[in-house]
Amino acid sequence: MGSCLSGESRSPHPSSPTTPSFGAKKRRNSKRRTSRSSSFNTHREDHLHRIPGRMFLNGSSEVASLFTQQGKKGTNQDAMIVWENFGSRSDTIFCGVFDGHGPFGHMVAKRVRDSLPLKLSANWEVNTKGSNDVLREITLNEETSFNSEDSQAFLDLEISKNPEKLQVLKDSFLKAFKVMDRELRMYANIDCFCSGTTAVTLIKQGQDLIIGNIGDSRAILCTKDKSNSHVAVQLTVDLKPNLPAEAERIRKCRGRVFALHDEPDVTRVWLPNNDSPGLAMARAFGDFCLKDFGLISVPDIFYRRLTEDDQFVVLASDGIWDVLTNKEVVDIVASAESRSGAARAVVESAVRAWKYKYPTSKVDDCAVVCLFLTPHSNNISTASTIDHVDKNEPILKPSGTVRTSDGVPGDDDLADDNVDEEDPATVNGDGGIDWSALEGVSRVNTLLNLPRFEPDESAKQTPEQKKTN
């Protein structure tokens, strides 16, 4: 959100004053098509929401944690998804984060969230041509970034070594992204002329990790070095107009690239003869007003063979990366009290960072997906030991004497209307988490270390026993 300075739609009107009858007929037909399309979309969404292992709301599973929170700029335009057993493959997971922008950005982000995985799965199935384990046969030992402009020669070399294996991965992502963008242009009920979305998507099958990315959302990996310390590895490139290759492509297509005087650090894309829309990314779904002037939806594709040192992957929108570094995010997830609350912990830290670093700016929407690569028993969190030791201890719920959010200024900024109430590990009483009086203190330890009242023997006796005595 906040990636476009101009949200004005420039879609042509369906009719002209000289052809009123034709225009009226076209509008009636359009209404019928929109009605049928809406009915179909509702039925499809209901079907998707019933698929086991597919999560798109705040929550968690054994291997993933996801959380999104609306900022202060309006409707939450971020969307996210975790889909286990993706493509009916038991060892495959799909994850994605989508950051919408423009007046209909929230609709575009959700549409891509729901449609892109289906297209990717379908293209993957077609491209395998009977092979059931293409990804496992890839023999690359190091991470490789496939960029259509910067690494084409290397990519062609690798494809020549593995004629069908790498080509399957490349074609599946490229075709799915191309078809997705083409369909957005044809949607009658979503105006994508000046609205669009980023997409950072991931498929993990076994020990193989494949990422397709457009826009400025980001994916990072936490791995361990020789000293067993957590190290942050950025897996994707923020595809912004300030990158030389991206800027050159846009200018060759007559688009303009420059930053405004009041925000010199934010390079934007502009139309040739109009100071709009001012898009702060070089690749995106939608935004068809710029598609003839250098904006593309071709993804950067990345591959990595995972090792036993790799701990987890984090996908997040720029609401996180604008205020937190890769290392800070890794440390937050690694020190989370539980895996289920890891994504929420990152969002809450980002909200606090927004207030501290940019007190006069509106907090951006935030969306985070954490995908854990190690078995749950080997939790990367230092709090996992505490959870294990205290497993047999009675569960203490926050009481009114501890919950102090009502008296903390700005606590409403951390409230979230979409909290998954079925996940007790991610819900804090009233939905607010700014606990400024307990900053830096583990809430689990604080509660469990409180002195407990133990009644004496006489207090434990029932009234009948007291009468007998």
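Remember, predicted model here, so these are calculated numbers, not experimental data.

Peer 1: How should the overall build of the chain be read in this particular structure?
Peer 2: Of regular secondary structure, the chain possesses twelve helices and 18 strands. Relative to its 469 residues, the chain shows a buried fraction of 48%. In the chain, of all internal contacts separated by at least 6 residues, the share reaching a separation of at least 24 is 70%. Carbon and sulfur atoms make up 52% of the accessible area of the chain, which totals about 23400 Å².

Peer 1: Looking at this model, I keep getting lost on unusual backbone geometry. Mind explaining?
Peer 2: Where the residue is not glycine, phi is negative for most of them; where a peptide bond is considered, it is trans in most cases. Geometrically, the link from S276 to P277 is a cis peptide bond, its omega value of -5° lying close to zero. Relative to the elements of secondary structure, P277 occurs in strand β14 (residues 274-279). With a phi angle near 70°, N228 is a residue other than glycine that sits in the positive phi range. On the secondary structure map, N228 appears in the loop between β10 (218-224) and β11 (230-234).

Peer 1: Honestly, the environment of Y358 in this entry has me stumped. Any pointers?
Peer 2: Mapped onto the elements, Y358 comes out in the loop between α8 (342-357) and β18 (366-372). Residue Y358 is classed as partly exposed on the basis of its relative accessible area, which comes to 35%. For the pair formed by Y358 and V323, sequence separation is 35 residues and the distance between their alpha carbons is 9.0 Å. Those residues in contact with Y358, other than ones at most four positions away along the chain, are D322, V323 and A353.

Peer 1: Teacher, can you tell me more about the pairing of β14 here?
Peer 2: Each regular strand carries side chains that alternate between the two faces of the sheet. As paired elements, strand β13 (residues 267-271) and β14 share three bridges and run antiparallel to each other. Pairing of V269 across the sheet is with L279, part of β14. Between β13 and β14, which pair antiparallel one after the other, the connecting turn spans two residues.

Peer 1: So what exactly am I meant to see when it comes to the sheet that holds strand β2 (residues 59-60) here?
Peer 2: Sheets are built from strands paired through backbone hydrogen bonds, the pairs being either parallel or antiparallel. Across the sheet, which stays open at both edges, the six strands sit in the order β2-β3-β18-β17-β10-β11 with antiparallel pairing between neighbours. Both outer strands of the open sheet, β2 and β11, are each paired with one neighbouring strand and no more. As paired strands, β10 and strand β17 (residues 310-316) are joined by six bridges and run antiparallel to one another. Paired with R218 across the strands is A316, a residue of β17.

Peer 1: Would you mind showing me how to read the nonpolar core here?
Peer 2: Grouped burial of nonpolar side chains is what soluble globular proteins tend to show. Of all hydrophobic cores here, the largest spans 31 residues; its most connected members are F98, V112, L116, L184 and F285. When residues of this core are traced back to their parent elements, those giving at least two are β4 (78-84), β5 (92-101), α2 (105-128), α4 (165-186), β8 (199-205), β9 (208-214) and β16 (300-305). Per-element tally for this core: the top contributor is α4, with seven residues. Counting residues in hydrophobic clusters, the runner-up holds 29 residues, among them A316, I332, V333 and A336.

Peer 1: I would appreciate a short explanation of the pairing of β17 in the present structure.
Peer 2: Most of β17 is tucked away: seven of the seven residues are buried. Two strands pair when backbone bridges link them, and β17 and β18 are joined in this way by five bridges, in the antiparallel orientation. Within β18, the position partnered with A316 by the bridge is V368.

Peer 1: What am I meant to see in the packing of helix α7 (residues 326-334) against α8 here?
Peer 2: Two quantities define a packed helix pair, namely the angle between the helix axes and the distance between the axes. Across the interface, α7 lies against α8 with an axial gap of 8 Å and an inter-helix angle of 135°. The angle between α7 and α8 places the two elements in the oblique class. Relative to α8, the crossing made by α7 is right-handed. Contact with α7, carried on its side by V329, I332 and V333, involves A342, A345, V346 and S349 of α8 and no other residues of that element. The residue inventory of the contact of α7 with α8, partitioned by class, reads six nonpolar, one polar and no charged.

Peer 1: Whenever I open this one, the confidence of the model for the chain confuses me. Can you help?
Peer 2: It should be kept in mind that the predicted coordinates are not to be read in detail where pLDDT is low. The predicted model of the chain has a mean per-residue pLDDT of 74, with 62% of residues at 70 or higher. Ignoring residues within four places in sequence, the model shows residues 378-455, a span with pLDDT below 50, making 100 contacts including any to other chains.

Peer 1: What should I look at first to understand α7 in this one?
Peer 2: Three or four residues apart is the spacing at which side chains of an α-helix point the same way, because the helix has 3.6 residues per turn. Of all the positions in α7, only N326, V329, V330, I332, V333 and A334 are classed as buried. Check the buried side of α7 and you find it contacts β10, β11, β17, α6 (318-321), α8 and β18.

Peer 1: Sorry, what's going on with the packing of aromatic side chains here?
Peer 2: The way to describe two aromatic rings as a pair is by their centre distance and the angle between their planes. Counting across every chain of the model gives seven aromatic pairs. Relative to F86, the ring of W83 has its centre 5.5 Å away and its plane inclined at 75°; by these criteria the two rings are edge-to-face. Among the residues examined, F86 registers a relative accessible area of 1% and is labelled buried. Grouping aromatic residues by their ring pairs yields a cluster made of W83, F86 and F94. The ring of W83 has R54 lying over it, and the distance from NZ or CZ to the ring centre is 5.7 Å. The ring of Y187 has R111 sitting right over it, with the charged end atom 4.5 Å from the ring centre.

Peer 1: So what exactly am I meant to see when it comes to the pattern of salt bridges here?
Peer 2: Close approach of charged atoms allows side chains of opposite charge to pair. One pass over the full model with this rule turns up 14 salt bridges. Linking D114 and R113 is a salt bridge whose minimum nitrogen-to-oxygen distance equals 3.0 Å. Note on accessibility: D114 and R113 belong to one class, buried. For the salt bridge of K252 with E248, the shortest nitrogen-to-oxygen distance reads 3.3 Å. Highlighted residues: K252 and E248, both in helix α5 (residues 244-252), separated by four residues, approximately one helical turn. Accessibility expressed as a relative area gives 64% for K252, which makes it exposed.

About the cut-offs
- Residues numbered from 1 in each chain as written.
- Predicted model: local features only at pLDDT ≥ 70, side-chain atom pairs only at ≥ 80, totals over all residues.
- Heavy atoms only, no water.
- Helix = DSSP H or I, 4+ residues; strand = E, 2+ residues; numbered from the N terminus.
- Buried < 20%, exposed > 50% of the residue type's maximum accessible area, 1.4 Å probe, protein only.
- Contact = heavy atoms within 4.5 Å.
- Areas by Shrake-Rupley, 256 points an atom, 1.4 Å probe, with all protein chains shown as cover.
- Pairing = 2+ DSSP bridges.
- Core = buried A, V, L, I, M, F, W, Y, C linked by side-chain atoms within 4.5 Å.
- Axes fitted to C-alpha atoms, helices over the stretch in contact; angles between N-to-C directions.
- Parallel < 35°, antiparallel > 145°, perpendicular 65-115°, else oblique.
- Left-handed = near helix turned anticlockwise from the far one by under 90°.
- Nonpolar A, V, L, I, M, F, W, Y, C, P; charged D, E, K, R; others polar.
- pLDDT = per-residue confidence, 0-100.
- Phe/Tyr/Trp six-rings, centres within 6.5 Å; stacked < 30°, edge-to-face > 60°.
- Lys NZ or Arg CZ within 6 Å of the ring centre and 35° of its normal.
- Salt bridge = Lys/Arg side-chain N within 4 Å of Asp/Glu carboxyl O.

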